[in-house]
Amino acid sequence: MEKILILSLTEQNDYALAEWRKNGVDTDITLKDCSKILRAIRRLWIKFHLPMEYIWYGDWKKTFMEYDCVLVHGTWMAEKVPHWMRKQTEKAGKKIKIIWWYWNKVVSKDNPNRVLEKDCEKWSFDIEDCKKYGMRHNTQYYFKSFQLPKEKIKYDIYFLGADGGRKNIIGNWNEKFLKMGLKTDIHIIANTITEHEPYRELLQKEKLSYQENLRHVARSKAVLEILRDGQSGQTLRALECLFYHKKLITNDVRVQEYDYYHEDNIFILGRDRLEDLPKFLEKPCAEVSKELIKRYDCKQWLERFNL
């Protein structure tokens, strides 16, 4: 495999970056860490495209030309990174493949058209975003190197995710699950929580670490997935279920088109009969081939970029 560097707008101790390093791929944070005040200045600096934006870039800017490929996680705060890298490589007479990758759905602040095609290849997991912006498609990925903690099953259904306009939908489904006698473990992360907030008991400001998330997955028979409006494409939750032989309950009707779909493993809300859900949860998971699971591992995911 070629020498690859992955950049992400996150913290150095991010779980995914750490796992990439375990899998032999170098990583760094796209923008260097700084104080809260400097982060505010940096945000304005980048927003208004002030000169010398590269002063905010991480240490990778000193060494990135040692790599055959640099993959940058797409966000508006890193829009100028591919162009800056391409200018440096042209000056040095170097050829480096630069990939601009959307791990999440494109949001209003992002505009892939502002990232120049002459500077990089643009890719996304979201099929509709690929069609809309003319990007190439790759699946989501997961790490088979992750180990699920050993825990006793305590819940039927687990959910973790940001509100993102979904709390009423999730709360409504949760009420239906509880009326059926199912045990749920719901964590909706919200920026603000008011006193008379609908479904307030399901909301929390504190984020869970990824290791904590995996403990909750281990304690549950199934994981609930509720897509945001307009989202299309495989999700991290679906791949967690695939890798850990957990059941998935989802409102994504397209999931039946994916190669890992099996009616004993995936329950589609709004299509499958809700009264059948308890039986679905009691059935053992259908076996999925190791080769199919391997397809979604991080290493095969990288290969699909034609590296």
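Residues numbered from 1 in each chain as written. Predicted model: local features only at pLDDT ≥ 70, side-chain atom pairs only at ≥ 80, totals over all residues. Heavy atoms only, no water.

A few words now on the packing of aromatic side chains. Counting across every chain of the model gives 29 aromatic pairs. Geometrically, the ring pair formed by tryptophan 20 and phenylalanine 143 is edge-to-face, given 5.3 Å between the ring centres and 85° between the ring planes. Here phenylalanine 143 lies in the loop between β6 (136–137) and β7 (155–162) and tryptophan 20 lies in helix α1 (residues 15–22), a separation of 123 residues in the sequence. The same class applies to tryptophan 20 as to phenylalanine 143, namely buried. Pairing tryptophan 101 with phenylalanine 305 gives two aromatic rings, centres 5.9 Å apart and planes at 85°, and the pair type is edge-to-face. Placement of tryptophan 101 in strand β4 (residues 97–102) and of phenylalanine 305 in the segment after α10 (298–303) is noted, with a sequence separation of 204 residues between them. (Phe/Tyr/Trp six-rings, centres within 6.5 Å; stacked < 30°, edge-to-face > 60°. Helix = DSSP H or I, 4+ residues; strand = E, 2+ residues; numbered from the N terminus. Buried < 20%, exposed > 50% of the residue type's maximum accessible area, 1.4 Å probe, protein only.)

This part covers the sheet that holds strand β5 (residues 121–124). As summarised here, the arrangement of the 6 strands in space is β2-β1-β3-β4-β5-β6, forming an open sheet in which the pairing is parallel. Edge positions in the open sheet fall to β2 (26–29) and β6, since each of these has one partner strand only. Two elements, β5 and β6, share 2 bridges in a ladder whose sense is parallel. Considered in β6, the bridge of serine 124 is made with histidine 137. (Pairing = 2+ DSSP bridges.)

In this section: the sheet that holds β7. Pairing is parallel in the open sheet, where 6 strands are placed in the order β9-β8-β7-β10-β11-β12. Whereas interior strands pair on both sides, the edge strands pair on one side only; in this sheet they are β9 (203–204) and β12 (266–268). Pairing analysis gives 6 bridges linking β7 to strand β8 (residues 184–189), with the strands arranged parallel. Following the sheet pairing, phenylalanine 159 is matched in β8 by isoleucine 186. Contacts from helix α5 (residues 167–179) reach β7, β8, β9 and β10 (220–225), with the element oriented near 170° to β8. (Contact = heavy atoms within 4.5 Å. Axes fitted to C-alpha atoms, helices over the stretch in contact; angles between N-to-C directions.)

Honestly, it's all geometry; don't read function into it.
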